[in-house]
2 protein chains.
Amino acid sequence: LILLDSLLQEIIMTKLARFTEFSRKIVAVGRNYSEHAAELGNAVPTKPLLFMKPPSAMITAGQQIEIPLGCVEIHHEIELGVIISKQCKRVDKDSAMDYVGGYCLALDMTARDFQNEAKAKGHPWAMAKMFDTSLPVSPFIPLQSVPDPHNVSLWCKVNGETRQMGNTKDMIFNLPTLISFISQYFTLEEGDMILTGTPSGVGPVKHGDVITGGIPGVMEISFDVVQRS
Amino acid sequence: LILLDSLLQEIIMTKLARFTEFSRKIVAVGRNYSEHAAELGNAVPTKPLLFMKPPSAMITAGQQIEIPLGCVEIHHEIELGVIISKQCKRVDKDSAMDYVGGYCLALDMTARDFQNEAKAKGHPWAMAKMFDTSLPVSPFIPLQSVPDPHNVSLWCKVNGETRQMGNTKDMIFNLPTLISFISQYFTLEEGDMILTGTPSGVGPVKHGDVITGGIPGVMEISFDVVQRS
Ligand SMILES: [Mg+2]
Ligand SMILES: [Mg+2]
Ligand SMILES: [Mg+2]
């Protein structure tokens, strides 16, 4: 029985490792670290501030971040991504972690100028957050590589210079709270991702820059930024 | 060769008819009819105002519209949905219609109170537009049933009383303009949907109401509204 169970786990992990191919939804959390909320002049939220990205926003190793047409200020936001293992609807905090199948390291690339315009006009954030290449992701990180998701160091450098250095212990809303809250409104499905927010230090990148990011001892990513031709 | 081509078309249509099962993105257009923009006190946009819904928002015949937790004002918006037949990236207006595989009739259910709060605070529209059951859709409508997508009558009734009665000829941005604009930022994929906006007459529904909608001679839909239990 133990053998069968571990075989089943192996099959699930093998499928989840291909999450970019079949994921249908990315739910992202804004302002989930107080220092980051402060650096953009935003209040710390009293409930999770949610937006989404479509799967078409994802890119993987070897692909480039393209600055979208008309954008003059694109920012890096390094984040821990949570990969959902099975359908999850209106779960409570106590069982929320049962639906976590693994993790990834991700960049929530943001057209800050488009976002500022949307915020000022009360418009949706689609143009700022959902464009092609706005979600560079690492390969799948299995559960055993992240024994405590609430104590994960995250760093982000631009051209080798450190820009962000944070730890998931500083998240305002932790994983069970996020998964429970999100699943009250949005059914999560196998392969869906939750982007858990970024620590402080976000800033602009330009054509020719290289963004690297990492979780020490676990994962590193590197993506080139190019002006859309 | 003609036989092979029509066989191929048949295969594509058979797959597209199951768009709800594999669609990965719904791109929606706000304020695409001037009378509707005016009724909510919004300016007529100078470029398409875009937001998205995730596939998990879709429901089909027999399923119910559930008012999301905490929402006290949910509105019906009847819309023509466009189903994309193949990958479409940065296309020009002249070739845009080559990527249309068919249509559907859809309700862009909107938590208007959540949306008003989001607009006032400059927050994303996720809670207002992307919740479970916020996108009731009809079965797939093949191309030959809609010879001119820019002359389609749309009606919507609540408990048998007419609320919306419009025609796609009054859209501000037509299909080629929308597809070309959207595809500059968001790669469209097979089965993806474009929601083309709603004519005037939107308004609230409550627990126990029945929303019906139709395209005369082509399609009718009916969905019950229930308070989320
Ligand atoms: Mg972010
Ligand atoms: Mg939005
Ligand atoms: Mg609408």
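For the structure itself, consult the block above.
Being a predicted model, the structure only gives us computed values, none of them experimental.

Definitions and cut-offs
Residues numbered from 1 in each chain as written. Chains lettered and ligands numbered in written order. Predicted model: local features only at pLDDT ≥ 70, side-chain atom pairs only at ≥ 80, totals over all residues. Heavy atoms only, no water. Salt bridge = Lys/Arg side-chain N within 4 Å of Asp/Glu carboxyl O. Buried < 20%, exposed > 50% of the residue type's maximum accessible area, 1.4 Å probe, protein only. Patch = residues over 30% accessible without salt bridge, like charges linked within 9 Å, V, L, I, M, F, W, Y side chains within 5 Å. Areas by Shrake-Rupley, 256 points an atom, 1.4 Å probe, with all protein chains shown as cover. Helix = DSSP H or I, 4+ residues; strand = E, 2+ residues; numbered from the N terminus. Contact = heavy atoms within 4.5 Å. Buried area = accessible area lost by both parts, 1.4 Å probe. Nonpolar A, V, L, I, M, F, W, Y, C, P; charged D, E, K, R; others polar. Phe/Tyr/Trp six-rings, centres within 6.5 Å; stacked < 30°, edge-to-face > 60°. Lys NZ or Arg CZ within 6 Å of the ring centre and 35° of its normal.

Novice: For this particular structure, what's the right way to read the pattern of salt bridges?
Specialist: In a structure, side chains of opposite charge can pair up when their charged atoms sit close to one another. All chains considered together, the criterion is met by 26 salt bridges over all chains. The closest approach of N and O atoms between B:Arg18 and B:Glu21, which form a salt bridge, is 3.0 Å. Overall, B:Arg18 belongs to the partly exposed group, its relative accessible area being 36%. Residues B:Lys206 and B:Asp209 are paired through a salt bridge, measuring 3.1 Å at the closest nitrogen-oxygen approach. The exposed category is assigned to B:Lys206, whose relative accessible area is 53%. Given the relative accessible area of 5%, B:Asp209 is considered buried. Here the salt bridges share partners, and the residues they tie into one network are A:Lys53, A:Glu77, A:Asp108, A:Arg112 and A:Lys129.

Novice: Would you mind going over a nonpolar patch on the surface with me for this structure?
Specialist: Taken together, the side chains of A:Leu1, A:Leu4, A:Leu7 and A:Ile11 present a nonpolar region at the surface, about 500 Å² in accessible area. Relative to the elements of secondary structure, A:Ile11 occurs in helix 1 (residues 2–16).

Novice: What is the right way to read the interface of chain B and chain A from this model?
Specialist: Interfaces are frequently sized by the accessible area removed from exposure as the parts join. Listed by partner, the interface residues are 40 residues for chain B and 40 residues for chain A. Each partner contributes to the roughly 3400 Å² buried at the junction of chain B and chain A, and carbon and sulfur atoms together form 55% of this total. The interface formed by chain B and chain A holds four salt bridges in total. The salt bridge involving B:Lys89 is made with A:Asp132; its shortest N-O contact spans 3.9 Å. Of the residues contributing to the side of chain B that touches chain A, the split by class is 19 nonpolar, eight polar and 13 charged.

Novice: What is the right way to look at the packing of aromatic side chains in this model?
Specialist: To describe a pair of aromatic rings, one takes the distance between the centres and the angle between the planes. If you walk through the whole model with that rule in mind, you get six aromatic pairs over all chains. Note on A:Phe51 and A:Trp125: the rings are 5.6 Å apart at their centroids and 50° apart in plane angle, and the pair reads as tilted. Here A:Trp125 lies in the loop between helix 5 (112–121) and helix 6 (126–129) and A:Phe51 lies in strand 2 (residues 49–53), a separation of 74 residues in the sequence. Through a chain of ring-to-ring contacts, three or more aromatic side chains come together here, namely A:Phe181, A:Tyr185 and A:Phe186. Its guanidinium or amino end placed over the ring of B:Phe22, B:Lys15 lies 4.8 Å from that ring's centre, counting from NZ or CZ. Over the aromatic face of B:Tyr99 sits the side chain of B:Lys86, whose NZ or CZ is 5.3 Å from the ring centroid.

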